[in-house]
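Listed here are the chains, written in short residue letters.
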Amino acid sequence: HSTETKKVKVVSAMRDKLVPITYNGKTTYNKINSAYIKGGPELAIKTLNTVFGLDISEYATVNFYGMADIIDAVGGVDIELTALEAQGLNGEVRTNAYAKHKMYEGMNHLDGYDALQYSRLRYIDSDWKRIERQRNVIQAVVHKAQNLSLLELNDVANTILPMIVGSTLYRRKK
């Protein structure tokens, strides 16, 4: 979030990228996602800032269950699936994520659980496509939220705020 532009930017990092991670005074090369595992979001953000010359100071983290709850709170999302993505979610090809509902090539309305499974799909294509799926879900949630009534937004806020109060929103000390 930029205080100058009043815009929020979504950044994706390849989780398997090998980077130097400094933890407990020792620097080792490891996958970037291990920074989060070792030191939570603070170390992950510090690592991203150091390695890529960024200045991320505000960020939010949401676990899988929280993301599904947010998606359900906005009434689900509409996502266009490729034939391969639908096959994966239906368990017709090898993958790691399976939907509760039958999926079809083309536009599908996904509840929180199925949208989460869509964003987690692996092995059917590349990690770049997986990141694209995650971004598709986030963009669909934002789009859906922009079109909700004030009463509906209040319900969404009632779902999301307990997650934020539960220490999932962080601000880096300058």
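Shown above is the structure to which this text applies.
In this text the structure is predicted, and so the values were computed from the model without any measurement.

(A) Representation of the side chain of Arg133. Relative to the assigned elements, Arg133 resides in helix α5 (residues 127–146). Exposure remark for Arg133: the relative accessible area of 1% places this residue in the buried category. A polar contact is formed between the side chain of Arg133 and the side chain of Glu85, at a distance of 3.2 Å. For Arg133, the side chain forms a polar contact with the main-chain oxygen of Tyr118, separated by 3.4 Å. In contact with Arg133, not counting residues within four places along its chain, are Glu85, Tyr118, Ser119, Leu121, Ile124, Asp125 and Ser126.

(B) The arrangement of the environment of Thr22 in detail. Looking at the element boundaries, Thr22 is found in strand β1 (residues 18–23). Residues Thr22 and Thr47, spaced 25 residues apart in sequence, show a C-alpha to C-alpha distance of 7.7 Å. If we ignore the near neighbours within four places in the chain, the residues touching Thr22 are Thr27 and Leu43. A distance of 2.7 Å separates the side chain of Thr22 from the side chain of Thr27, its partner in a polar contact.

(C) Representation of α5 in the model. With 20 residues, α5 extends 29 Å between its outermost C-alpha atoms, agreeing within 8% with the 28 Å of an ideal straight helix rising 1.5 Å per residue. Along α5, the residues classified as buried are Arg130, Ile131, Arg133, Val137, Ala140 and Val141. Those residues of α5 hidden inside the fold are in contact with α2 (64–73), β4 (77–81), α3 (83–89) and α4 (112–120).

(D) Main features of the environment of Gly112. Within the element layout of this structure, Gly112 appears in helix α4. Assessed through its relative accessible area of 0%, Gly112 is described here as buried. Taking C-alpha positions, Gly112 is 12 Å from Ile79, a pair spaced 33 residues apart along the chain. Ignoring sequence-local partners within four residues, the contact set of Gly112 consists of Ala68, Ile71 and Asp72.

(E) Representation of the nonpolar core in the model. In this structure, Val77, Ile79 and Tyr118 are the most contacted members of the largest nonpolar core, which totals 22 residues. Listing elements by their share of this core, those giving two or more residues are α2, β4, α3, α4, α5 and α6 (150–168). Once residues lying within four places of it in the same chain are set aside, the contact partners of Ile79 are Gly106, Met107, Asn108, Leu110, Tyr118, Asn136, Val137 and Ala140. With 8 residues, the next largest nonpolar core counts Val19, Ile21, Leu43 and Leu48 among its residues.

(F) Layout of α2. Along α2, the positions that sit buried rather than exposed are Gly66, Ala68, Ile70 and Ile71. Where α2 ends, the next residue or the one after it, Gly75, has phi of about 90°, a positive value.

About the criteria used
- Residues numbered from 1 in each chain as written.
- Predicted model: local features only at pLDDT ≥ 70, side-chain atom pairs only at ≥ 80, totals over all residues.
- Heavy atoms only, no water.
- Helix = DSSP H or I, 4+ residues; strand = E, 2+ residues; numbered from the N terminus.
- Buried < 20%, exposed > 50% of the residue type's maximum accessible area, 1.4 Å probe, protein only.
- Polar contact = N/O pair within 3.5 Å; in protein donor to acceptor, adjacent residues only side chain to side chain.
- Contact = heavy atoms within 4.5 Å.
- Expected span 1.5 Å × (residues − 1).
- Core = buried A, V, L, I, M, F, W, Y, C linked by side-chain atoms within 4.5 Å.

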